[in-house]
Amino acid sequence: MDLGKLSKGGKIFAAGALVYLIASFLTWYSIDLPEIGISLSANAWESQVVGFGWGPLWAILLVVGAVLLVLPAAGVKAPTMQPAVYLLVGALSFIFTLLRLLIGYDGLDSGFGLYLAVVAAAAAAYGAFADFTAGGGKLDRKSTRLNSQSLAYLVCRLLLEKK
């Protein structure tokens with residue numbers, strides 16, 4: 001496998017996806033009730049606690065994207081996707097994981113796995129953005145069509161806008 005065939009952004013996206021997958025198995029939420037002797041924790045895959053399986057959804061999408069990026073470096077033919085799709089998956093995984101962290105649940109403490117997942121999703125989004133711009137993709141206000149590129153523009157604009 002020749003990882004030199006991957007772009008810098010592709011490497012960052014793939015690394016972020018791998019770290020997100022690992023983080024999804026670590027503690028996302030915990031509760032400690034010493035008065036009754038109970039201490040519980042939940043990871044992203046325990047959807048009854050975390051909520052609708054958002055963590056696993058983004059972990060799966062990020063890993064599928066990373067596999068599709070890495071397979072050609074291994075000499076395996078794989079379907080190609082537009083860089084805007086990677087950008088969309090990376091940005092949405094970051095937004096929804098960050099929202100999961102910020103909203104949280106009453107009475108539950110956020111765990112290390114959730115914090116790590118936010119950082120990993122941010123890295124994947126950055127890697128996808130780097131690939132998108134390196135491939136000639138532009139995020140400008142003149143885009144009027146509603147497609148994956150303009151949606152990615154709106155998401156990145158919200159993330160990168162300076163106040």
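This write-up is about the structure you can find in this document. Each chain carries its own residue numbering, running from 1 in the written order of its sequence. Per-residue local features are limited, in this predicted model, to residues with pLDDT of at least 70; the limit for side-chain atom pairs, both in listing and counting, is 80 or more; totals at the level of whole chains, interfaces and linings are taken over all residues. Hydrogens and water molecules were not included; the side-chain quantities draw on all heavy atoms of the structure.

1. Some remarks on the overall build of the chain
- The helix and strand tally for the chain stands at six helices and three strands.
- For the purposes of this entry, the term helix denotes a DSSP run of H or I that reaches at least four residues, the term strand denotes a run of E that reaches at least two, and both are numbered from the N terminus. The linear arrangement of helices and strands in the chain, starting from the amino end, is α-β-β-α-α-α-β-α-α.
- In the chain, which comprises 163 residues, the proportion classed as buried is 38%.
- Contact definition: two residues touch when any of their heavy atoms are within 4.5 Å. Intrachain contacts of the chain at a sequence separation of at least 6 include 68% that bridge at least 24 residues.
- When the accessible surface of the chain is totalled, it reaches about 9600 Å², and 65% of it is carbon and sulfur. Summary of the burial criterion: residues with accessible area below 20% of their type's maximum are buried, those above 50% are exposed, and those between are partly exposed, where the area comes from a 1.4 Å probe applied to protein chains only. Method for areas: the Shrake-Rupley scheme with a 1.4 Å probe, in which residue coverage is limited to the protein chains shown.

2. Notes on the packing of aromatic side chains
- Any Phe, Tyr or Trp ring, taking Trp's six-membered ring, that has another such ring centre within 6.5 Å forms a pair; planes under 30 degrees apart are called stacked, those over 60 apart edge-to-face, and the others tilted. The full count for this structure, using the stated rule, is four aromatic pairs.
- Aromatic side chains Phe 13 and Tyr 86 sit 5.5 Å apart centroid to centroid with 80° between the ring planes, which places their arrangement in the edge-to-face category. With Phe 13 in helix H1 (residues 8–24) and Tyr 86 in helix H4 (residues 83–103), this residue pair connects regions lying 73 residues apart in the sequence.
- An angle of 85° between the planes, with centres 6.4 Å apart, marks the rings of Tyr 20 and Trp 28 as edge-to-face.

3. Some details on a nonpolar patch on the surface
- Judged by side-chain polarity, Leu 18, Ile 22, Leu 26 and Phe 112 come together as a nonpolar surface patch covering roughly 400 Å² of accessible area.
- With respect to the helices and strands, Leu 26 occurs in the loop between H1 and strand S1 (29–33). Patch criteria: residues need more than 30% relative accessible area and no salt bridge. Like-charged residues are merged within 9 Å; nonpolar side chains of Val, Leu, Ile, Met, Phe, Trp and Tyr are merged within 5 Å. One speaks of a salt bridge when a side-chain nitrogen belonging to Lys or Arg is within 4 Å of a carboxyl oxygen belonging to Asp or Glu.

4. What to know about the pairing of strand S2 (residues 38–42)
- For two strands to be treated as a pair, DSSP must find at least two bridges joining them. As paired elements, S1 and S2 share five bridges and run antiparallel to each other. Bridge pairing links Tyr 29 to Ala 42 in S2.
- Between S1 and S2, which pair antiparallel in sequence order, lie four residues; one of them, Gly 37, sits at a positive phi of approximately 75°.

5. A look at the sheet that holds S1
- Ordered in space as S2-S1-S3, the three strands form an open sheet in which the pairing is antiparallel. Every interior strand has two partners, whereas the edge strands, S2 and strand S3 (109–110), have only one.
- Where S1 lies against S3, two bridges are found, and the strand directions are antiparallel. Its bridge partner lying in S3, Tyr 29 is registered against Ser 110.

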